[in-house]
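Observations on the three-dimensional arrangement
Here is what each chain is made of, one letter per residue.
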Amino acid sequence: MEQRKPSDSTTIGKVAAHVPDLIVYGDFSQELPFIESFDGVLLFADISGFTALTEKFSTDTSLDCGAEQLTQTLNHYVGDIVEKVLIYGGDILKFAGDALLALWRVQRSQMSDIITLALKCSLRIQKEYGVRETEVGLKLQVKIGLSAGHISKVVVGDNKHQYFLVLGRAVDEVRLAQNLAKASEVILSPNCWELCNRNMIEIETIKDQRSVKARYIKNISEIEFDEFFWKCTEYLQHYPTGENNSILRATSTLSPNDELEKSLRKYVMRNILKKIDDNQPLEYLSELRPVTIVFVNLQFDKSVRTLDLCKVIHDVSVKISNIIHVFSGKINKVFMFDKGCTFLCVFGLPGDKQADESAHALDSAFKIFNFCSKMSMKIKIVSIGVTRGSVFCGIVGHHARHEYTVIGQKVNLAARMMMYYPGLVSCDAVTYANSRLPHCFFEELPQAEMKGVVNPGVVYHYLGISEKPMIGQAQLTKERSEYYHLLGREKELEIYNSSLKGFVGSTVGRVIIYEGLMGYGKSKLLAEIAYLGQEAGHKVIAMELTKINVQQNFFVIQTLMAMFLGIEACKSDAERQKILQDKLRSVVEESYYCLLNNIFLVKFPTSAEVSEMDHETRTEEMELILVKILQKVVEKNILIFVIDEAHFIDPASWEFLDDLLSSIPVFMVMSLSPPGRQAWPTCVSAANIINSRKTTYVQLRELKPSVILQKACEDLGVVSVSRELEMGQVMTYPPIYLHYSSQLNTAVTNAIPSKTESPSSSDNELYICTIRQNVKLQNIMLPPTLKGIALAELDNMNSSEQMVVKCAAIIGLTFTTELLLHILPEWTKRKMNQTLAALVDSHIFKCFHKRKDSQKAQSQEMPSTELLVCPGTVRPIGQVSDIRSSVYNRIKQEQLLIQCGVMAFCMPMLQEAAYECWLKSQKKALHLKCASYLEGQAHKCRRCGEGDFISFHRHAVEMMLESIESQENISEQHQEYPFSEAASLIICTTLKRLEGPSFEGMERKAVTAEASLSSTCSPESVQMTSEDITTSTFSKKLELLLPQDIEKETEKALKKHKMLPEALKKHKKLPEENLKAEEIEKEFLERLDEIIQQSDRDWEKIKRLGSCECEEIVEAVFVPLARHCMAMGEYTRGLYYLLECAAAYLHLSNNYMAFCNLNTAENLIKSVDFRATVINQFEEATFYRLKGEPAKVGEQMSPVLPNAHREKKLAFLYQQGHCLSLLWQLFSLDTATNSKKFCHLAALMKVNSAEESEDESQIISSYSEFSLCCQMMGNEDKWMKYELMAIQRSSHLRVIGGGLLTTVKLAQSLASMKLCLGNLPLSIQLGYRAHEMCVRLKKPKLDYLVLCMLFKALFLSTRYQDCVQVLSWLEQLAVVEETIIGMACFFSYCLELLLYAGFSFKSFKECLEFIQRNEKNCILMSQNSIMLGLYSSVAIWFARLQQWGNFKEPFEKARRLLRRTSASFFATSGFCRFLECEILMLRKHLEERPELVWETRTKTLKDLDQVLSRCSTSPICYPRVYHLKAYILLVLGNEEQSQIYLSQAFQLCDVYGNLLEKSWLEISNEWWFTAKGPMEDLWLKAAPDFRKWEIGMTERDFPEIHKTKYLLRVPALDINNPFPEPEIPDV
C-alpha cells in the first residue's frame, strides 16, 4: 500500500480536521438530542507506559517543560497510529488523553471483511509502532481492542455548541477487550470473533474469557491483500479514491459549503475557530498555560433506557455549558465508557482567562453537582474533580485528523480525584488557595493512593457557599511588621493623617479610597493605617474581603459589627448572646434584642412587639439599632473602619454605609482595584460614596525601584542584594514588589556575611544576598498570580491581536515592525498595521519612530512622585461612544503606524507571559527566524564603515563568516563610509595645503580606519548616546597662540614631570628644539582651523548627511541577536554577539551596558551548557581585554583590505594592540622599577604592532600612548619626540572618512594630555577646535569628552566667563542627547563652581535634587568616578557649613567608591575632593573629639599617599594635593614642613598655570602665616545662596570673585596634649 499525504485544506477542511467523518457526513437536520444507529467495527488503542512517562517528566524536569516534552512524544506516537488507521479507512472518533477510538462504518453483510481489514491495520500498528523508546529511557507500547456490532451515535447540545458520543454493546466490548490486552497485543471481543472470517485469522484463546487474542492473518499474500484492501474500500463510503487517492481523508478536499461549515463549527470550540479564521498555523494552536480543570462524571443506573439516557446527557450538557459559559469555561470532551459519562471542562483556555478563575470553577462545579444530584432517578452518582496548574493546551493527533485537548499532571489528577472521591466535589490544594474562599467552605479529605499520581497534596471537599458561614471571618491577611516601617507610601500616609486631623469635630462621615493595581501594596498600606489608628487610641475595625462576600447579603456590616462588639471569636451562640446582652443593656430596649438574631446568629426570644412587624420594618429597626450602637461610641472616641478589597462589598452593605456616613461621624478607609480589573461596584449607594465630596480618592502610583529593592532586603534580612540582581531585574520589570520578591525566592541562596568599613556600623553581622549557582535571571518565570493577570489581559484580545502579541514577545520588550512582519505567519503589512493600531489604542503597545524614543519614554516612566488625589471622583458606569470618531481615530492611528519604526510593550509582564505561552520547539523556530533576519544587519552603520565593533571579528571567528554569507563582501563594497562625500567637499581645494612634510623613508598610506585614541587621562565616565546632536552650537572665535606663548607653554610642559622645585631647573631644551615643537604644534592648529573654515562654507551640504546610527543598530540588532542565539542553544554564536555588544557599548561610551553584556558572557562561559564548547582563543582574549577596558572610551573602525588572510591577521594585530595598551596602563599604576620597565616595553610593543598593521590611525594612536607613557616615566626626549611624531604623522592622513575623524580624535587626545600635564593654554586651543569639529562631524560622544576637558582647563585657568559658556554647551548637549551621565558631569562641574569659584550656575539645591533623584539609576551607578566626585562635593558643602548630620551619608557613599575608581583624571579629581572631606573631618575631631584624631589622622595620611601616587598620571592635580598636605601638617603642628609644601604648591601652580589653585593658596598663605588680624571668609559669607552667573556676564560683575575662597582655618590645640592617644582598656 502506498503512503498518502494530507493536502492543503480550505477553512472548511481545517474545521473538518477536528471532527470525525461520522459527523462531517452526518445528518444535521434532526432535532436534539438525536440518536442514529448503525453497524460497524471499533478499534480502541491505549498507549501503555503513558502514566509512567508522565510521572518521569513531572519528577525529572520542570512542569512546563515536562508537559511539552510529554505532548511531543505522545503526538509523534499517536500521529503515526492515526495515519495508519486513516490509510486503512478508519475514522478517528475520539482522542482521550493517551487513547483513541476509531470506527469502520459498514453494512452488516460486509462486517467480516472489514473486521479483517481493521485487524490487519491493528497488526501493522503493533509491528511498526508496538514498542517505541523515549528519550528518558521509558518505553511506549500500544494495546488494541477490536469489537463489532450495533452502535448508536448520540448528538447533544444546543444551537451553539454540540457534542457527540457513541453508545451500545460494541462500545462497552471494545473497552473490555482493550483492558484484556497486554502491551503489543490485539484482542477481539466476543461479538467481533463471532462476526469475523475465522478462516483467515490465527488466534489464541484467553482463559476464562470469550474474547480471543489475534496472532496474524493467514492464507493471504501481500498482493492478494492489496486486492482485498481495494475491494474493502468500496464498502467504505467516504474513502478517498480516484484522483484523491493520494490524500488521507476526503474531508481535505471539501468544497466551500457555508451550511456544512456552519454545522461543523458547532463541534469545535470557539477558541480554535478564531485561530482557524485568522489563518494561524496548526502548531500555533498549542501552548503552555495555567488553567483550571473540571472533570464531571455521571454514573447511571443500569435500568435506564437508551432514550432516557440520551435525554439526561443532553440536559446535563446544556446545563453545564450554560453554567460555565458565564465564566468563559468550555466543554472540551464528552465521552462514555464503562465508567459512565464524563465531561472534561476547562477554565482559562486561550481567550478565556479571567480573574478569580479558581473560585469560578468551584462555583460552577457546585452548581453542576446540585443540578445533577436532583436527577436522582436517572443519575446514580455525581463525582467532580477540580484542579489548577500549568498544562499543555493544544493539538493532539495528525495533520489530517486531530483534536484540541489538555494534557498534564493536573489533568490526570483531576480525573483521578473524580474517580477516587465519588459523590462529591473535590479540589486540590492549589485550587483551594487560589480561590481565596473562606476555609469554612472546605473540608479536608483523607489521603487516597491514586493510580499514576505522585504526591497529590491535600485534597479538599468543596461544601459550597450554601453552608452558613461563621461570623467574623474577614480579618486583614497582611500584618504590619513591628521591625520595618512601610516604605514608599509616605505621601499616602500624609493624606490619611491630614484627613483624620480635619475630621475631628465633624458631624458626618469621611472616606479615603486608595485605588491601585494588585502588587502596589494596598493591603500593606491599610494594615499600617489600622496600626496608626490603634496607636493613636482610636477605635479601629479592620477587615479584608474576598470575591465570595459580594454574594453574601449584608456580610460586611454583619462582620464589622461583630468585630466591633467583640463577638467574632465566640464559639457558641450562648456566648455571643451573653456579650450582646451586656453591651446592649443601656442602648436598646430588651424587647428589640431579637431583631439581631439573624445577623448575629443568636436566639433572643421574639417579643410580641417585634412579631407584629413585617419584614421591611424589622430590617429598618435592626439597622437603627446598629446605628445607635455606633452613635454611642463616636460620642467619646473616633471610630475608624478599614476595609481592604472594598469592591467586594455586597449591595446591602453599601446601602447601609451610605446612610451611616450621612448620619454619624465615622472615618472610613477603603482600597479598590481599578475599574475593569475586578467587579467594580455598580449600585447607586456605592456610586454615592465614591463620588461624594466627603470622599478623598487617591490613585496609588508604582513604587520606585529603590523602594522595592529596600523592601526585598528587609524581607530577606540582608543589607543588599547582588549588583546583578539589583541592576538587571529591578530596573527592567514593572515596579510591582510581588514579581521581584518571587524572583528573589527563586534566584537567591543563603545569605553570606559581608563586612563593612563604615565606622557607624554595629557589631552585628551584616549579610548580602547572592544568586544561586547556574540560575539565569532572564529565565526566571513569572509567578502564577502575575501570570494569571497577564494572561487575562491577553485573552481579552481577539485571535489576531493575540498572535501579534505572542510573536512580538519572541522579539522582546521592544521590537521593529519589519521583524514582526517577518515572523508573522503569512500576514500582510496592512493586516499587521490594523492589528497594531488596535493594540496601541488598547494601550498594549506604544509606538515610536525610533528606538531611542522608546528608551527616552522608558526613562521618563519612572514612578511619579505626585499622587492623583481627588476630593470626589466621578466614575460613570457607561459612556456612549461616538462611532464615527472611533473609526476616524483608528484610521489615523493606522496612518501613523506606517511611519512607525519601533514599538514596545506597555506592560513588560504581558510580554513575559505571552512568551511563556509558546512551546519550547516553537520558541526555537521563531528565534531562528528572527536571527536569520537580523544577521544580515549585524554590523556598524554605513556612516561608520559597516565593519565589526571588534575589528575584523568575523574574520577571526571563521564560523561567523560561513553563516553570514550576505555580509562576506561588505568590506570590499564600502572602502570609505558616506562621510567621504562631505569630507571631499571640505578637502577638495585645500588637501595639498593641509598635507605636511613626510617622515624620511616612510610611505604615505590612505586607509579609512579609526583607532581608539582614548587614554587614562580622559574622563572614564562620560557616556555617549545614540543620536548625534543636530542642533547648532554656539561658535567661538578661535585665536592661535603667538609663537612666544607656545614657546613658554612648551618649555613648561618639558619641565613638569619633576615635582620638587630643585628638579624644575635641571633640564632646558635647546632653542631650536623648542622652535621645531612650536612650528609643528602651530601647523597642527592651523590645519584644524582650515578644516573648520572649509566646513563652514559647505555646512549646508554636510547637514544633509545622516547621523551615526550605531546605537540604533546595537539595540535593534546585536542585543536581540545575542538573546535569540542563546535561546536557540547556539551558545558559540551567542558569545560572539555578546562580545560585539560589549565592544559596541564601549564604542558608544555606555560602560554600564558594556558591563552587563560582559557579565552575561562570563556567566555563559561558566555555564554547564557551554562547558562542552571550545572557546575560540581570539574571543577569549577579547573577553578579558574588554573586561579591563570599561574606562577606555574610543571609536574603532576596521580598515578594509581585500585579502581575507590579511583581514584575519589584522584582527589579531588589533587585538594585540588593545591588550598591550591595557597592559602598559596597568603597569604604570605600580611604582616598582620592574613595572616601569614592563610599562615601557608594553607601550613600545604596541607601537611595533601598530606599525606592522600599516594603519595610520593605529600608528598615530600608538605614538600618542607611547608619548604619555614616556612622560609618566620621566623620559623627556621620547615623550616629546613621539608626541610630535603623532602630530606630524596625522598630516599623512587623507582628511576624509576615518582620516578626518582620526585627526579630530588626535586633537581631543592631545588636549586631554595637555590638560593632565599642565599645558593649559595649548589644551584650551586644541579643545575649542576639537569641539567645533565634533559639532560639524556630528560626533556628540566625542564632544562630551572635549567639553569636559575644555571646562576643566578653563576653570583651572580662572577663565570663568568661558567656563560658563562651555558649561552651557555641555548642558545643551546633555539635554538634547538625553543622557544621564552627561547631566551628572554637568552638575558635578556646577558643584565645583560653588565650592571653588564662589558663584553658581545651578544652585546647590538643584544639584542635590539631581543626585537624590538619580543615584539609583543603573547607568549612573556604574560610573564610580563621577559618583565619587558628586558625593565628595556634597560632603564638602555640608562640612564647610558645619551641617555634620547631613555630611555623614554622602561621605560614606564616597568612601565606598574609592576602591572602584581608576587612575583617570576624573577619578583623581574626585579623590582630591574626598581627601578634602577627610581633612575637614580631621579638623572637627581636633576641635571636638580628640580621642578620634589618631584614627582619622591615620586614614587621612594613608589616602594622601594614595592620591599623590595617582597624580603621576595627572600632574595638574599636584598643586591641590600639596595645598591639602600643607594644611594637614599645619593642623598637626608641623608649621615648618607646612610652609615647604605650600611653597612647592606655589611653584607648581606657576609651572602648570593653575591659577585657580594659586588664588586659593594666596589666601591660605596669608591666613596661616602673614595675616596681621582675622580675615573675613567671603565664601561662608556668600553661602549658601551664591550669586548666579548668567550668560553674558563678565568678571566685572563679580568684583571679589578671586577672593571668594573657603578659609582653611587652623584649630586651637591643647598645648600640653595636642593629640591624645586612645586609651587601651585594661584586660
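Residues numbered from 1 in each chain as written. Predicted model: local features only at pLDDT ≥ 70, side-chain atom pairs only at ≥ 80, totals over all residues. Heavy atoms only, no water.

**Considerations on the overall build of the chain**
What the chain contains, in helices and strands, is 65 helices and 29 strands. Taking the intrachain contacts of the chain between residues at least 6 apart in sequence as the baseline, contacts between residues at least 24 apart amount to 78%. Summed over its atoms, the accessible surface of the chain is roughly 67,700 Å², and 50% of this surface lies on carbon and sulfur atoms. (Helix = DSSP H or I, 4+ residues; strand = E, 2+ residues; numbered from the N terminus. Contact = heavy atoms within 4.5 Å. Areas by Shrake-Rupley, 256 points an atom, 1.4 Å probe, with all protein chains shown as cover.)

**Overview of helix H9 (residues 258-265)**
Among the residues making up H9, those that are buried are Leu-260, Glu-261, Ser-263 and Leu-264. Along the axis of H9, the buried positions cluster into a sector of 160°, meaning they face one direction only. Exposed and facing more than 90 degrees away from the buried side of H9 are Asp-258, Glu-259 and Lys-262. The inward-facing, buried residues of H9 contact helix H1 (11-16) and helix H2 (21-24). With a side-chain oxygen lying 3.2 Å from the backbone nitrogen of Glu-259, the N-terminal cap of H9 falls on Asn-257. (Buried < 20%, exposed > 50% of the residue type's maximum accessible area, 1.4 Å probe, protein only. Arc of directions from axis to C-beta. Polar contact = N/O pair within 3.5 Å; in protein donor to acceptor, adjacent residues only side chain to side chain.)

**Focus on the pairing of strand S6 (residues 162-167)**
Across the 6 residues that make up S6, a large majority, 6, are buried. On S6, burial covers both faces: Gln-162, Phe-164 and Val-166 on one face and Tyr-163, Leu-165 and Leu-167 on the other are all buried. Direction of pairing for strand S5 (residues 139-157) relative to S6: antiparallel, over a ladder of 6 bridges. Directly across from Val-155, in S6, lies its bridge partner Phe-164. Hairpin remark: S5 followed by S6, antiparallel, with 4 residues in the connecting loop. (Pairing = 2+ DSSP bridges.)

**Re the sheet that holds strand S29 (residues 902-905)**
Ordered by their spatial adjacency, 3 strands build an open sheet running S26-S29-S27, and the pairing between neighbours is antiparallel. The two strands at the open ends of the sheet, each matched to only one other strand, are strand S26 (814-816) and strand S27 (845-848). Across the sheet, the mean angle from the axis of one strand to that of its neighbour is 25°, orientation sign disregarded. Sheet topology note: the S26/S29 ladder contains 3 bridges and is antiparallel. The residue of S29 that forms the bridge with Thr-814 is Ala-904. (Axes fitted to C-alpha atoms, helices over the stretch in contact; angles between N-to-C directions.)

**Things to note about a nonpolar patch on the surface**
Together, Phe-1238, Leu-1241 and Met-1245 give the surface a local cluster of nonpolar side chains, amounting to about 280 Å² of exposed area. Residue position: Phe-1238 is located in helix H48 (residues 1233-1253). The exposure class of Phe-1238 is partly exposed, given its relative accessible area of 45%. (Patch = residues over 30% accessible without salt bridge, like charges linked within 9 Å, V, L, I, M, F, W, Y side chains within 5 Å. Salt bridge = Lys/Arg side-chain N within 4 Å of Asp/Glu carboxyl O.)

**Looking at the side chain of Asn-549**
Mapped onto the secondary structure, Asn-549 falls in the loop between strand S19 (539-544) and helix H17 (555-565). Judged by its relative accessible area of 3%, Asn-549 falls in the buried class. At 2.7 Å, the side chain of Asn-549 forms a polar contact with the backbone nitrogen of Thr-546. Residues in contact with Asn-549, not counting those within four places in the same chain, are Phe-555, Phe-648 and Asp-650.

**Here we look at the pattern of salt bridges**
Applying the stated criterion across every chain, the model contains 45 salt bridges. Close ionic contact of Glu-1371 with Lys-1402 constitutes a salt bridge, the shortest N to O distance being 3.4 Å. Residue Glu-1371 is found in helix H54 (residues 1360-1377), and its partner Lys-1402 is found in the loop between helix H55 (1380-1397) and helix H56 (1404-1414); the two are separated by 31 residues along the sequence. Like Lys-1402, Glu-1371 is buried. Through salt bridges that share partners, Glu-36, Arg-105 and Lys-153 make up one connected network.

**Considerations on the packing of helix H11 (residues 306-325) against helix H12 (residues 357-373)**
Between H11 and H12, the shortest axis-to-axis distance is 10 Å and the interhelical angle comes to 155°. Between H11 and H12, the interaxial angle falls into the category roughly antiparallel. In the packing of H11 onto H12, the handedness of the crossing is right-handed. Here Asp-315, Val-316, Lys-319, Ile-320, Ile-323 and Ile-324 of H11 lie close against H12, whose contacting residues are Ser-364, Lys-367, Ile-368, Phe-371 and Cys-372. The residue makeup of the contact of H11 with H12, split by class, is 7 nonpolar, 1 polar and 3 charged. (Parallel < 35°, antiparallel > 145°, perpendicular 65-115°, else oblique. Left-handed = near helix turned anticlockwise from the far one by under 90°. Nonpolar A, V, L, I, M, F, W, Y, C, P; charged D, E, K, R; others polar.)

**A word on the packing of helix H45 (residues 1151-1166) against helix H46 (residues 1177-1187)**
In the contact formed by H45 and H46, the axes pass within 11 Å of each other and the chain directions differ by 140°. As judged from the angle between their axes, H45 and H46 are oblique. The element H45 and its partner H46 pack so that their crossing is left-handed. In contact with Leu-1158, Ala-1161, Glu-1162 and Ile-1165 of H45, H46 contributes Phe-1183, Leu-1186 and Lys-1187. Residue composition of the contact of H45 with H46, grouped by class: 5 nonpolar, no polar and 2 charged.

**A look at unusual backbone geometry**
The residue after Leu-32, namely Pro-33, is reached through a cis peptide bond having omega -5°. Relative to the helices and strands, Pro-33 is located in the loop between H2 and strand S1 (34-48). Backbone geometry at Gln-1442 places phi at a positive 60°, although glycine is not the residue there. Topologically, Gln-1442 is positioned in the loop between helix H58 (1424-1440) and helix H59 (1444-1457). For Gln-1442, a relative accessible area of 38% corresponds to the partly exposed category.

**Observations concerning the packing of aromatic side chains**
According to the stated counting rule, one finds 47 aromatic pairs in the structure shown. A centroid spacing of 4.7 Å and a plane angle of 10° characterise the contact between Trp-1589 and Phe-1598, whose relative ring orientation is stacked. One exposure class covers both Trp-1589 and Phe-1598, and it is buried. Taken together, Phe-1351, Phe-1355, Tyr-1360, Tyr-1389, Phe-1399, Phe-1466, Trp-1589 and Phe-1598 form an aromatic cluster joined through their ring pairs. The aromatic ring of Tyr-1396 is capped on one face by Arg-1520, whose charged end is 4.4 Å from the ring centroid. (Phe/Tyr/Trp six-rings, centres within 6.5 Å; stacked < 30°, edge-to-face > 60°. Lys NZ or Arg CZ within 6 Å of the ring centre and 35° of its normal.)

**Focus on the confidence of the model for the chain**
A residue-level look at the chain finds 76% of positions with pLDDT of 70 or above and a mean pLDDT of 77. Every residue in residues 1-7 scores below 50 in pLDDT, and together they form 27 contacts with partners more than four places removed in sequence or on other chains. Contacts from residues 728-740, a stretch scored under 50 in pLDDT, to residues over four places away or in other chains number 48 contacts. (pLDDT = per-residue confidence, 0-100.)

**Structural notes on the pairing of strand S21 (residues 667-672)**
Where burial is concerned, most of S21 is hidden: 6 out of the 6 residues are buried. Side-chain alternation along S21 places Phe-667, Val-669 and Ser-671 on one buried face and Met-668, Met-670 and Leu-672 on a second face that is also buried. Pairing of strand S18 (residues 510-515) with S21, which is carried by 6 bridges, proceeds in the parallel orientation. In the sheet register, Ile-512 faces S21, and the bridge partner there is Val-669. Bridge count between strand S20 (residues 639-644) and S21: 4 bridges; the pairing is parallel. Residue Ile-643 lies in a different strand from S21, and its bridge partner there is Met-670. Each parallel crossover has a hand, and for S20 linked through helix H22 (residues 651-663) to S21 it is right-handed. (Right-handed = clockwise from strand over helix to strand, strands pointing away.)

**Description of the nonpolar core**
By size, the foremost hydrophobic cluster in this structure holds 155 residues, and its most contacted members are Phe-1355, Leu-1367, Phe-1399 and Phe-1447. Counting residues in hydrophobic clusters, the runner-up holds 77 residues, among them Leu-791, Cys-807, Met-832 and Leu-1186. (Core = buried A, V, L, I, M, F, W, Y, C linked by side-chain atoms within 4.5 Å.)

**Focus: helix H53 (residues 1340-1356)**
Helix length check: H53, at 17 residues, gives a terminal C-alpha distance of 24 Å against a target of 24 Å (1.5 Å per residue), a fit within 8%. Counting buried residues in H53 gives 17 out of 17 residues, a clear majority hidden from the surface. Of the residues flanking the end of H53, it is Thr-1358, one or two places downstream, whose phi is positive at about 55°. (Expected span 1.5 Å × (residues − 1).)

**Side note on the side chain of Thr-1496**
Along the polypeptide, Thr-1496 turns up in helix H61 (residues 1493-1510). Ignoring sequence-local partners within four residues, the contact set of Thr-1496 consists of Glu-1478, Met-1481, Leu-1482 and His-1485.

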